[in-house]
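Structural description and commentary
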Amino acid sequence: MENRKVYLNKHSNLLQLEEHMYPLVDVDTPNVFRNLFHYDEIPKIAFNDRIVPHCMPDEIWITDTTFRDGQQSRAPYSTQQIVDIYDYFHKLGGPNGKIRQSEFFLYSKKDRDAVYKCMERGYKFPEVTSWIRASKKDFELVKDLGMPETGILVSCSDYHIFYKMKMTRRECMNHYLSVIRECLETGVSPRCHLEDITRSDIYGFVIPFCLELMKLMEEYQIPVKIRVCDTMGYGVNYPGAVIPRSIPGIVYGLRVHAGVPSELIEFHGHNDFYKAVSNSTTAWLYGASGVNCSLFGIGERTGNTPLEAMVFEYAQLRGTLDGMDTTVITELADYYEKEIGYRVPSRTPFVGKNFNVTRAGIHADGLLKNEEIYNIFDTEKFLNRAPLVAVSNTSGLAGIAHWINSYFHLPEEKQVDKNTELVAMVKSWVDEQYEGGRITVLTDEELLGVIDEACDQLGVSII
């Protein structure tokens, strides 16, 4: 203990004492944190008020798992659909490559064809990377494809080590290290997916394991990434919460005690407890450079962290989009609906058809007077989605005209106003509905039907 090094922390410019080295704690029986995760009770969030500091990395970015984790929960994409979506990601990420990587399966010919076609695009970002089984044969496949990096599953909770893999912690760690050494021998950089980390023994297994990974990285001079996988969505962002549920505590432990650089730490969240976005943001705040996402949050069970959400989290944290083209998010939503047949739930932030639709009468009145009152930001500028006012008995002629102009994206020369005969006909129908006792707002489908009928009667077209 007396020989522990004193060194200068270049981030804080303070002298620090080298932390205690954490050995593997090889237990006879699994520690499944039954006090927190009693299966016939709701999981508990406990606190010890041990606070770790914020440590936002100099650079942060987004990585994508739409074609891997996102594809495990839906019908497989066609090769062309994968290539199209990959092109959208390249455009969305912008010239600074804020969407850093996309990961792919390699098992089927269709998947490999998609990988080849995406690599042929020649984009620097998103980098094409893979997820494989931990086998020599799969490593060679990655190498033959010319992929510099691959993900490898390394489950780290005793639930998996004892119950699924039927090993002890030492046996499991030795197995993982031998597999990762094989990967490094092929010249491929491993990205270690620490599955179920939020139910694992952080200082008894995760930190000792990651210390060994850092030794391998130094030996081979090939980067070894750590993916923090909140597989079951148990992670929490609350300061002072105990590990293994504490995302700040996990990221801090990896950086400080295991010596993993921020640029090699990536968070992968699930949304089982509605915390995927907040946990991903927290991982950035406490020192992870990467957050792994799936488009529209499509993924296993309740889904992954939505990629589009983290684009706007990035902008809020950094004060800039750093070149990301957010209008592509709307293009992707349209592509999913028209080309893939997937309909995003209507109230999904940023992409649902009703995310910026005002329905309450008093809100609609405010929006018509000044859209900043009830619109989160200039959604037309950033998403090509002007705010809409749902039509009700309080909308008036101006509200109906606003709805028509916004819904159909009419250019200025074709816009209708409250004096337009079409608007008057729609208003008359709306009044009849509410005079008959209706109390709910009108749906888009109802309005479109009335507008079509009115256009036929007037012999006009608004498109």
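Below is a summary of the structure that appears in this document.

Cut-off values and rules
Residues numbered from 1 in each chain as written. Predicted model: local features only at pLDDT ≥ 70, side-chain atom pairs only at ≥ 80, totals over all residues. Heavy atoms only, no water. Helix = DSSP H or I, 4+ residues; strand = E, 2+ residues; numbered from the N terminus. Buried < 20%, exposed > 50% of the residue type's maximum accessible area, 1.4 Å probe, protein only. Contact = heavy atoms within 4.5 Å. Areas by Shrake-Rupley, 256 points an atom, 1.4 Å probe, with all protein chains shown as cover. Salt bridge = Lys/Arg side-chain N within 4 Å of Asp/Glu carboxyl O. Axes fitted to C-alpha atoms, helices over the stretch in contact; angles between N-to-C directions. Parallel < 35°, antiparallel > 145°, perpendicular 65-115°, else oblique. Left-handed = near helix turned anticlockwise from the far one by under 90°. Nonpolar A, V, L, I, M, F, W, Y, C, P; charged D, E, K, R; others polar. Pairing = 2+ DSSP bridges. Right-handed = clockwise from strand over helix to strand, strands pointing away. Core = buried A, V, L, I, M, F, W, Y, C linked by side-chain atoms within 4.5 Å. Expected span 1.5 Å × (residues − 1). Phe/Tyr/Trp six-rings, centres within 6.5 Å; stacked < 30°, edge-to-face > 60°.

Glancing now at the overall build of the protein chain. Across its full length, the protein chain carries 15 helices and twelve strands. With the principal axes as the frame, the protein chain shows a C-alpha extent of 85 × 50 × 45 Å. Each of the 463 residues in the protein chain was classed as buried or not, and the buried ones make up 52%. Restricting to contacts in the protein chain with at least 6 residues of sequence separation, those with at least 24 account for 72%. Only carbon and sulfur atoms are counted for the fraction: they give 51% of the accessible area of the protein chain, which is about 21,500 Å².

Turning to unusual backbone geometry, a few remarks are in order. With an omega of -5°, the peptide bond between phenylalanine 125 and proline 126 qualifies as cis. For the peptide bond that leads from isoleucine 243 to proline 244, omega is 15°, which places it in the cis range. Here proline 244 lies in the loop between strand 8 (225-230) and helix 7 (247-257). Of note, aspartate 49 is a non-glycine position whose phi angle comes to about 60°, a positive value. Mapped onto the fold, aspartate 49 is located in the loop between strand 2 (14-17) and strand 3 (61-64).

Here the structure, examined in full by the defined rule, presents 24 salt bridges. Measuring nitrogen to oxygen at the nearest pair gives 3.1 Å for the salt bridge that ties lysine 225 to glutamate 149. Taken together, the residues span a long stretch of sequence, with lysine 225 in strand 8 and glutamate 149 in strand 6 (residues 149-153) at a distance of 76 residues. A relative accessible area of 16% places lysine 225 in the buried class. In this structure, arginine 438 engages glutamate 446 in a salt bridge whose closest nitrogen and oxygen atoms are separated by 2.8 Å. The partly exposed category is assigned to glutamate 446, whose relative accessible area is 29%.

When two helices pack together, their arrangement is captured by the angle between the axes and the distance separating the axes. Running from amino to carboxyl end, helix 13 (residues 396-407) crosses helix 14 (residues 421-435) at an angle of 115°, the nearest separation of the two axes being 9 Å. By the criterion of interaxial angle, the relationship of helix 13 to helix 14 is roughly perpendicular. Where helix 13 crosses over helix 14, the handedness of that crossing is right-handed. When helix 13 is examined against helix 14, the residues Gly396, Leu397, Ile400, Ala401 and Ile404 are found in contact with a partner set consisting of Leu422, Val423, Ala424, Val426, Lys427 and Val430. Classifying every residue of the contact of helix 13 with helix 14 gives nine nonpolar, one polar and one charged.

On any regular strand, side chains alternate: one points to one face of the sheet, the next to the other face. Among the five residues in strand 9 (residues 265-269), five count as buried, and that is most of the element. Both strand 8 and strand 9 contribute to a ladder of five bridges, which runs parallel. Bridge pairing in strand 9 places aspartate 230 opposite glycine 269. Taken together, strand 8, helix 7 and strand 9 constitute a β-α-β crossover, and its handedness is right-handed. Bridge count between strand 9 and strand 10 (residues 290-293): three bridges; the pairing is parallel.

Strands sit in the order 3-4-5-6-7-8-9-10 around a closed barrel of eight strands; the barrel is parallel. Strand-to-strand twist across the sheet, computed as the mean angle between neighbouring axes with direction ignored, equals 25°. Sheet strands in contact with helix 3 (residues 136-144) are strand 5 (127-132) and strand 6, and its direction is about 170° off that of strand 5.

By secondary structure assignment, the location of serine 392 is in the loop between strand 12 (388-389) and helix 13. Apart from residues lying up to four places away in sequence, serine 392 is in contact with Val430, Tyr434 and Val441.

Moving on, we get to the nonpolar core. A general trend in soluble globular proteins is that nonpolar side chains are found buried together. Counting 95 residues, the largest nonpolar core has Ile85, Leu194, Phe209 and Leu254 as its most contacted members. When residues of this core are assigned to their parent elements, the largest contribution, twelve residues, is made by helix 6 (residues 202-220). Beyond its immediate chain neighbours, meaning those up to four positions away, phenylalanine 209 contacts Val154, Met173, Tyr176, Leu177, Ile180 and Leu194. With 20 residues, the next largest nonpolar core counts Ile404, Leu410, Val423 and Val450 among its residues.

On to helix 14, then. Residues spaced three or four apart along an α-helix point in a common direction, a consequence of the helix completing one turn every 3.6 residues. Taking 1.5 Å as the rise per residue, helix 14 with 15 residues should run 21 Å; its terminal C-alpha atoms sit 21 Å apart, in good agreement. Those residues of helix 14 that are buried are in contact with helix 13 and helix 15 (444-458). Remark: glycine 437 follows helix 14 within two positions and exhibits a positive phi of approximately 105°.

Our next topic: helix 8 (residues 276-285). Counting buried residues in helix 8 gives seven out of ten residues, a clear majority hidden from the surface. Those residues of helix 8 that are buried lie in contact with strand 3, strand 8, helix 7, strand 9, strand 10 and helix 9 (307-318). The positive-phi residue at the C-terminal boundary of helix 8 is glycine 287, with phi of around 125°.

A word on the packing of aromatic side chains. How two aromatic rings sit relative to each other is given by the distance of their centres and the angle of their planes. According to the stated counting rule, one finds 27 aromatic pairs in the structure shown. Consider the rings of tyrosine 176 and phenylalanine 209, whose centres lie 5.7 Å apart with planes at 45°: the pair is tilted. Here tyrosine 176 is found in helix 5 (residues 169-185), whereas its partner phenylalanine 209 is found in helix 6, with 33 residues between them in sequence. Summarising the burial analysis for this pair, tyrosine 176 and phenylalanine 209 share the class buried. Members of the aromatic cluster, connected to one another through ring pairs, are Phe67, Tyr77, Tyr86, Phe89, Phe104, Tyr123, Phe296, Tyr336 and Tyr342.

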